[in-house]
Amino acid sequence: MSQSPSPIAVVVCTRDRPDFLRDTIRSILAATPAPERLVIVDQADPTAPDPLGPLATHPSVLHLYDQGTGLSRARNIGTAAAAEAGATIVAYSDDDCTADPHWLEGLAAVFATKADVGLVFGSTLA
């Protein structure tokens, strides 16, 4: 009997790097499977132009502004939003990374086959 995949959310924290961020978002949304929710925690000035452009209307994207600063703070905000959206697996990416098309597939497979796994990480290639 096949187990259904757990809902996956990806959290990306950013501050004033819109070009990098758009490329990161595109690569994450192109992943197989695509995340059910992509939470962007943006600590840039909220009066700045929307860094997401047309990606802001993608149904999986949740763009949150945070007037505070700090990566840990932003990740906590993103994790809470992902959990509220029903994610049981939360993955993180930096705003200047390009996600491998199968990274979420590999991540989900580990959680699906190993009941005692609480954390998974992988290598980052330049």
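What counts and what doesn't
- Residues numbered from 1 in each chain as written.
- Predicted model: local features only at pLDDT ≥ 70, side-chain atom pairs only at ≥ 80, totals over all residues.
- Heavy atoms only, no water.
- Helix = DSSP H or I, 4+ residues; strand = E, 2+ residues; numbered from the N terminus.
- Expected span 1.5 Å × (residues − 1).
- Buried < 20%, exposed > 50% of the residue type's maximum accessible area, 1.4 Å probe, protein only.
- Arc of directions from axis to C-beta.
- Contact = heavy atoms within 4.5 Å.
- Polar contact = N/O pair within 3.5 Å; in protein donor to acceptor, adjacent residues only side chain to side chain.
- Pairing = 2+ DSSP bridges.
- Axes fitted to C-alpha atoms, helices over the stretch in contact; angles between N-to-C directions.
- Right-handed = clockwise from strand over helix to strand, strands pointing away.
- Core = buried A, V, L, I, M, F, W, Y, C linked by side-chain atoms within 4.5 Å.

Q: Help me get a handle on helix α2 (residues 71–84), residues and values and all.
A: For the α-helix, the turn length of 3.6 residues means that residues three or four positions removed from each other point alike. With 14 residues, α2 extends 20 Å between its outermost C-alpha atoms, agreeing within 8% with the 20 Å of an ideal straight helix rising 1.5 Å per residue. The set of residues buried in α2 consists of A74, G78, A81 and A82. The buried residues of α2 occupy an angular sector of 100 degrees when the element is viewed end-on, so they sit on one face. Of the residues in α2, the exposed ones pointing more than 90 degrees away from the buried face are S72, N76 and E84. Packing partners of the buried residues in α2 comprise β1 (8–14), β2 (37–42), β3 (61–65) and β4 (89–94). Downstream of α2 by a residue or two, G86 has a phi angle that is positive, lying close to 100 degrees.

Q: How would you sum up helix α1 (residues 18–29)? Please name residues and give values.
A: Taking 1.5 Å per residue as the helical rise, α1 with its 12 residues ought to reach 16 Å, and the 16 Å between its terminal C-alpha atoms agrees with that figure. Regarding α1, the residues found buried are L21, T24, I25, S27, I28 and L29.

Q: Account for the side chain of D66, with residues named and values stated.
A: With respect to the helices, strands and loops of the structure, D66 is situated in the loop between β3 and α2. Assessed through its relative accessible area of 7%, D66 is described here as buried. A polar side-chain atom of D66 sits 2.9 Å from a polar atom in the side chain of Q43. Looking at D66, its side chain comes within polar contact range of the side chain of R73, at 2.8 Å.

Q: If you had to explain the sheet that holds β1 to someone new, which residues and values would you point to?
A: If you walk across this open sheet you meet the 4 strands as β3-β2-β1-β4, and the pairing is parallel. Every other strand in the sheet has two partners, leaving β3 and β4 as the edge strands with one partner each. The mean angle between the axes of side-by-side strands here comes to 20 degrees, regardless of whether they run parallel or antiparallel. In this structure, β2 lies alongside β3, joined through 5 bridges in parallel fashion. Counterpart to V41 in the pairing with β3 is L64. Contacts from helix α3 (residues 103–113) reach β1 and β4 within the one sheet, and its direction differs from that of β4 by about 145 degrees.

Q: Give a detailed account of the pairing of β2, specifying residues and quantitative values.
A: Buried residues dominate β2, accounting for 5 of its 6 residues. Across 6 bridges, the pairing between β1 and β2 is parallel. Bridge pairing in β2 places C13 opposite V41. Taken together, β1, α1 and β2 constitute a β-α-β crossover, and its handedness is right-handed.

Q: An account of the side chain of S93 is requested, with residue identities and associated values reported.
A: In this fold, S93 is placed in strand β4. Setting aside residues no more than four positions away along its own chain, S93 makes contact with V11, V12, C13, T24, I28 and W103.

Q: Could you give an account of the nonpolar core, with specific residues and numbers?
A: Judged by nonpolar contacts, the single largest core of 19 residues is most densely connected at V10, V12, I25, L38, I40, L52 and L104. Looking at this core element by element, the count peaks at 4 residues for α1. Not counting residues within four places of it along the chain, the set of residues in contact with L104 comprises I8, V10, A31, P33, A34, P35 and A91.

From the geometry alone we can't say anything about function, so treat these as descriptive.
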